[in-house]
Amino acid sequence: MEEFLTLQVRNDIVQHMNENPAHEVCGVIEKKGRGFVYVRRENVHPKKGDHIAFDAETSARIFSRKSNVVAYVHTHPQGPNYPSVLDQKQQIEIGKPAVIASRDHSTGALEVFSFGDHLLDAPLMGRVFKHYVMDCYEALRSWVWQNEQFKLDSFPRDDRWWNEETKNADLYEKNFASQGYREYTPDFGNPLSDRHPRAGDVILMQLDAPVINHAAVYIGDNQIYHHRMNKKSGTSAVGYLIDNHYVRKWLRRGPVS
């Protein structure tokens, strides 16, 4: 899953960042024999303080499926410790794992993490929450991928996107139909009904936000799998969420009679 982020590679990336605290630096992770190495590359962007750009040759190798570049790297020397919307869009376009080394501007804590579709295969339980990397939508994407072998699209989004007064503030409602999901009214009382909840159904919730901002997967036996902010991913009883009026929509991929 993240075999390319060896201890040596992590240390080399952090050293590169520490040597250049005033601006972002970049590099690539290459496959070498049975191992991996971090290779520094020049940041050719004119505004190095908060942007990066690779030279043309390196960019071609990053995009190439035939090169030995398995991931590309850049730094956030003053944070944030999650991918920006631009970072997210670039990773989707490139299609290879991206790695960010970040430093918390208040505590000085260092972190090296990757993001991309390779994380869809990460264990579902016990994930540590990080915006876009491992959050509620990525938990949903992973469950669907691992259990239904279907890859939901990734949607770039700002941190706490549900509080934005922009077109991105209703991420789930605007996009669930494009992923093949249809809303239905559950029939809880009749297990033989086509509308009785079944494993794989998606539940959309509104948790202390002006719009729907949380998703979970119904896994059967009145349990859901989800990942709430500041908590590890895991299962919960759906009844509590229904009783407290958090649930807004039930969805199923494919037609519902």
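Residues numbered from 1 in each chain as written. Predicted model: local features only at pLDDT ≥ 70, side-chain atom pairs only at ≥ 80, totals over all residues. Heavy atoms only, no water.

A short note on the overall build of the protein
Scanning the protein from terminus to terminus reveals six helices and 11 strands. In terms of overall dimensions, the protein has C-alpha extents of about 65 × 40 × 30 Å along its principal axes. Within the protein, the fraction of its 257 residues that count as buried is 46%. Here the contacts in the protein between residues at least 6 apart in sequence split such that 57% fall between residues at least 24 apart. (Helix = DSSP H or I, 4+ residues; strand = E, 2+ residues; numbered from the N terminus. Buried < 20%, exposed > 50% of the residue type's maximum accessible area, 1.4 Å probe, protein only. Contact = heavy atoms within 4.5 Å.)

As for the pattern of salt bridges
In this structure the tally under the stated criterion is 16 salt bridges. Residue arginine 40 pairs with glutamate 19 through a salt bridge whose shortest N-O separation is 2.8 Å. Of the two residues, arginine 40 sits in strand E2 (residues 35–41) while glutamate 19 sits in the loop between helix H1 (7–18) and strand E1 (26–32), which places them 21 residues apart along the sequence. On the basis of relative accessible area, arginine 40 is assigned to the partly exposed category, the value being 39%. (Salt bridge = Lys/Arg side-chain N within 4 Å of Asp/Glu carboxyl O.)

A short note on the sheet that holds strand E5 (residues 110–115)
The sheet built from five strands is open, its strands ordered E2-E1-E3-E4-E5 with mixed pairing. Only two strands of the sheet have a single neighbouring strand rather than two, namely E2 and E5. Going across the sheet, the axis of each strand differs from the next one's by a mean of 25°, ignoring polarity. Of the pairings in the sheet, the one linking E1 to strand E3 (residues 69–76) comprises five bridges and is antiparallel in character. Along E3, the bridge assignment pairs glutamate 30 with valine 69. In the packing of H1 onto the sheet, contacts are made with E1, E2, E3, strand E4 (98–103) and E5, and the angle to E2 comes to roughly 10°. (Pairing = 2+ DSSP bridges. Axes fitted to C-alpha atoms, helices over the stretch in contact; angles between N-to-C directions.)

Notes on the nonpolar core
Leu140, Tyr172, Tyr181 and Leu204 are the most contacted members of the largest nonpolar core, which totals 24 residues. Listed by contribution, the elements that provide at least two residues to this core are helix H4 (136–148), helix H5 (171–175), strand E7 (202–205) and strand E8 (214–220). Among the elements that make up this core, the one with the highest residue count is H4 (six residues). For leucine 204, the contacting residues outside a window of four places in its chain are Tyr172, Phe176, Ile212, His214, Ala215, Tyr246, Val247, Arg248, Lys249 and Leu251. Listed in part, the 17 residues of the second largest apolar core include Val69, Leu119, Ala122 and Val133. (Core = buried A, V, L, I, M, F, W, Y, C linked by side-chain atoms within 4.5 Å.)

Quick notes on the sheet that holds strand E6 (residues 181–184)
Spatially, E6-E11-E7-E8-E9-E10 is the arrangement adopted by the six strands of the open sheet, whose pairing is antiparallel. Of all the strands in the sheet, the pair left with one neighbour each is E6 and strand E10 (234–237). With direction set aside, neighbouring strand axes in the sheet form an average angle of 40°. As judged from the three bridges shared by E8 and strand E9 (residues 223–226), these two strands associate in the antiparallel manner. What sits directly across from glycine 220, in E9, is glutamine 223. Relative to E8, H4 is tilted by about 30°, and along the sheet it contacts E6, E7, E8, E9 and strand E11 (247–253).

A look at the side chain of lysine 96
Residue placement: lysine 96 occurs in the loop between helix H3 (85–94) and E4. In terms of polar contacts, lysine 96 uses its side chain to reach the backbone carbonyl oxygen of arginine 61, at 3.5 Å. Polar side-chain contacts of lysine 96 include one of 3.0 Å to the backbone oxygen of isoleucine 62. Residues within four places of lysine 96 in sequence aside, it is in contact with Arg61, Ile62, Ser64, Arg65, Ser67, Val69, Val70, Tyr72 and Gln91. (Polar contact = N/O pair within 3.5 Å; in protein donor to acceptor, adjacent residues only side chain to side chain.)

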